[in-house]
Amino acid sequence: LAHRGYILENYPEGILMPGERRPTLTRSKGIHDLTALERFQLADALKNNVLTIKSIPTLDARQSLAKSRAPVIVGEAPTAHSPHTHGRQVFANGRIDRRGLTRLGNASTS
């Protein structure tokens, strides 16, 4: 993605990120690491335009992606009830952190 100048936005919170390993497996097997439900949820996010691909047009921004200064995959914001304050993000070098989008606030019922 980074070398082509694209990023994924709003990757679903409850699904393993690309490169992330399920603790029960000794090595990653790509999409096969996902459960059937996770594969369905990922496909659904793509079909409903929740998970989107964004083109990065400027050379400087593309270099930031390739040098892992900016994330290539940005996870969706955690729900208000999540224990996490920020969403996940993945960088071109494979690093995954939780410094992404801020957790959603509680919906007011007034």
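For the structure itself, look to the data block above.
Thresholds, definitions, all that
Residues numbered from 1 in each chain as written. Predicted model: local features only at pLDDT ≥ 70, side-chain atom pairs only at ≥ 80, totals over all residues. Heavy atoms only, no water. Helix = DSSP H or I, 4+ residues; strand = E, 2+ residues; numbered from the N terminus. Contact = heavy atoms within 4.5 Å. 1 Å grid on protein atoms, 1.4 Å probe; cavity = no way out; pocket = protein on both sides within 12 Å on 5 of 7 lines; lining within 4 Å. Points joined across faces, edges and corners; volume = space filled by probe spheres on them. Nonpolar A, V, L, I, M, F, W, Y, C, P; charged D, E, K, R; others polar. Pairing = 2+ DSSP bridges. Salt bridge = Lys/Arg side-chain N within 4 Å of Asp/Glu carboxyl O. Buried < 20%, exposed > 50% of the residue type's maximum accessible area, 1.4 Å probe, protein only.

Draft legend 1. Focus on the side chain of Q89. Structurally, Q89 can be placed in strand β4 (residues 89-90). Sequence-distant contacts of Q89, defined by excluding residues within four places in its chain, comprise M17, P71, I73, R95, I96, D97, R99 and G100.

Draft legend 2. Geometry of the layout of surface pockets. Looking at the largest pocket, its volume works out to about 200 Å³. Along its surface, the largest pocket is lined by 16 residues, and Y11, L16, M17, P18 and L34 are the ones closest to its centre. For the lining of the largest pocket, the secondary-structure elements that each account for two or more residues are β1 (6-11) and α1 (36-47). Of the residues assigned to the lining of the largest pocket, the class counts are eleven nonpolar, three polar and two charged.

Draft legend 3. The sheet that holds β4, seen in detail. Ordered by their spatial adjacency, five strands build an open sheet running β2-β1-β3-β4-β5, and the pairing between neighbours is mixed. Edge positions in the open sheet fall to β2 (52-55) and β5 (96-97), since each of these has one partner strand only.

Draft legend 4. Spotlight on the pattern of salt bridges. Inspection of the entire model under this criterion finds four salt bridges. Its salt-bridge partner being R98, residue E13 comes within 2.7 Å of it at the nearest N-O pair. Highlighted residues: E13 in the loop between β1 and α1 and R98 in the segment after β5, separated in sequence by 85 residues. E13 sits in the buried class, given a relative accessible area of 18%. With relative accessibility at 29%, the residue R98 sits in the partly exposed group.

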